[in-house]
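Single-letter residue listing:
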Amino acid sequence: MSDLDSLILLLSKLPGLGPRSARRAALHLVKRRETLMQPLAETMLRAAERIRACSTCGNLDTEDPCALCRDPRRDQQLICVVEDVADLWAIERSAAFRGTYHVLGGTLSALEGVGPEDLRIEGLLARAVPPKVREVILALNATVEGQTTAHYITDRLAGSGVAVSRLAHGVPVGGELDYLDEGTLSAALAQRRPL
Ligand SMILES: [Zn+2]
């Protein structure tokens, strides 16, 4: 396979890029070899070496603990639990939350064989201890798996002394946080319900 073919093949594996758009992207890169292709390659190499999951919250950063966990201006007593880093980014874009996060890395799914041990649940239980933490907000997607996971975490936190809440309605069923507009997300956070 030629270098160009393998470039196209690799690009076609990116989300949203089929073979056709991968060919266009490859051509675009080759035509902008110095202004785009080389800086992109260097940035990707550096990112691949340096970006890692925060050992506290699971967020992606080049430092561990991540910038959000290290930030003294954030309310460390508040943990917002999300499925994926994309959800964390969505909530950060809304600027409605000034606590910390916990990224589970997925949801429980009997169908796909995902159990509690496959997610960052033990790490969450270890963090969610009063008085260091007073509230856990479950910002999980309104899918069956998201809600199953929310129930599981609520059960596990029962009796811990930490308040558990979930996002208010307004999050569409089956909808993903990442697709919500910032206003909807802010409202869902502000009107969160205790569990
Ligand atoms: Zn972190």
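Attention here is on the structure that accompanies the text. (Residues numbered from 1 in each chain as written. Predicted model: local features only at pLDDT ≥ 70, side-chain atom pairs only at ≥ 80, totals over all residues. Heavy atoms only, no water.)

Considerations on the nonpolar core
Link 1 in the chain: I91 and F97 are the most contacted members of the largest nonpolar core, which has 23 residues in total.
Link 2 in the chain: Of all the secondary structure elements, the ones that give two or more residues to this core are α4 (67–70), β3 (75–82), α5 (85–94), β4 (99–103) and α8 (182–190).
Link 3 in the chain: When residues of this core are assigned to their parent elements, the largest contribution, four residues, is made by α5.
Link 4 in the chain: Once you skip the residues sitting within four places of it in the chain, F97 turns out to touch R74, L78, I79, C80, I91, E92, I137 and L189.
Link 5 in the chain: Residues I79, A128, L140 and V164 belong to the second largest nonpolar core, which totals 18 residues. (Core = buried A, V, L, I, M, F, W, Y, C linked by side-chain atoms within 4.5 Å. Buried < 20%, exposed > 50% of the residue type's maximum accessible area, 1.4 Å probe, protein only. Helix = DSSP H or I, 4+ residues; strand = E, 2+ residues; numbered from the N terminus. Contact = heavy atoms within 4.5 Å.)

Quick notes on the coordination of the zinc ion
Link 1 in the chain: In the first shell of the zinc ion, the protein supplies C54 (SG), C57 (SG), C66 (SG) and C69 (SG), at 2.3 to 2.4 Å from the metal.
Link 2 in the chain: If you list the donors of the zinc ion from N- to C-terminus, the spacing comes out as C-x2-C-x8-C-x2-C. Of the two residues examined, C54 and C57, each falls in the buried class. (Donors = N, O, S within 2.8 Å, 3.2 Å for Na, K, Ca; no water.)

Comments concerning the pattern of salt bridges
A pair can form between side chains of opposite charge whenever their charged atoms are brought close.
Link 1 in the chain: Using the criterion set out here, one finds six salt bridges in the structure.
Link 2 in the chain: Residues R70 and E63 are paired through a salt bridge, measuring 3.8 Å at the closest nitrogen-oxygen approach. (Salt bridge = Lys/Arg side-chain N within 4 Å of Asp/Glu carboxyl O.)

A few points about the sheet that holds β3
Link 1 in the chain: In space, the five strands of this open sheet follow the order β4-β3-β5-β6-β7, with mixed pairing throughout. Each edge of the open sheet is held by one strand with a lone partner, namely β4 and β7 (193–194).
Link 2 in the chain: Here four bridges tie strand β5 (residues 135–138) to strand β6 (residues 163–166), and the two strands are oriented parallel to one another. Within the sheet, the bridge partner assigned to E135 lies in β6 and is A163.
Link 3 in the chain: Each of β3 and β4 is contacted by α5, which is oriented at about 160 degrees to β4, the strand it contacts most.
Link 4 in the chain: On top of the sheet, helix α7 (residues 144–157) reaches β3, β5 and β6; it is set at about 165 degrees to β5, its chief contact. (Pairing = 2+ DSSP bridges. Axes fitted to C-alpha atoms, helices over the stretch in contact; angles between N-to-C directions.)

Considerations on unusual backbone geometry
Link 1 in the chain: Residue D64 is joined to P65 through a cis peptide bond whose omega torsion reads 0 degrees.
Link 2 in the chain: Residue position: P65 is located in the loop between β2 (60–61) and α4.
Link 3 in the chain: The residue after P130, namely P131, is reached through a cis peptide bond having omega 0 degrees.
Link 4 in the chain: With respect to the helices and strands, P131 occurs in the loop between α6 (121–127) and β5.
Link 5 in the chain: One non-glycine residue, A95, lies in the positive phi region at around 55 degrees.
Link 6 in the chain: Take A95: it is sitting in the loop between α5 and β4.

Some details on α7
Since the α-helix packs 3.6 residues into each turn, any two residues three or four apart lie on the same face.
Link 1 in the chain: Spanning 14 residues, α7 covers 20 Å between terminal C-alpha atoms, matching the ideal 20 Å at 1.5 Å per step.
Link 2 in the chain: The set of residues buried in α7 consists of G146, T149, A150, I153, T154 and L157. Seen from one end, α7 has its buried residues packed into an arc of 135 degrees, which puts them on one side. Along α7, the residues that are exposed and aim more than 90 degrees away from the buried face are V144, H151 and D155.
Link 3 in the chain: Residues of α7 that are buried sit in contact with β3, α6, β5 and β6.
Link 4 in the chain: A positive backbone phi angle near 85 degrees is found at G159, which sits one or two residues after α7. (Expected span 1.5 Å × (residues − 1). Arc of directions from axis to C-beta.)

Keep in mind these numbers describe shape, not what the thing actually does.
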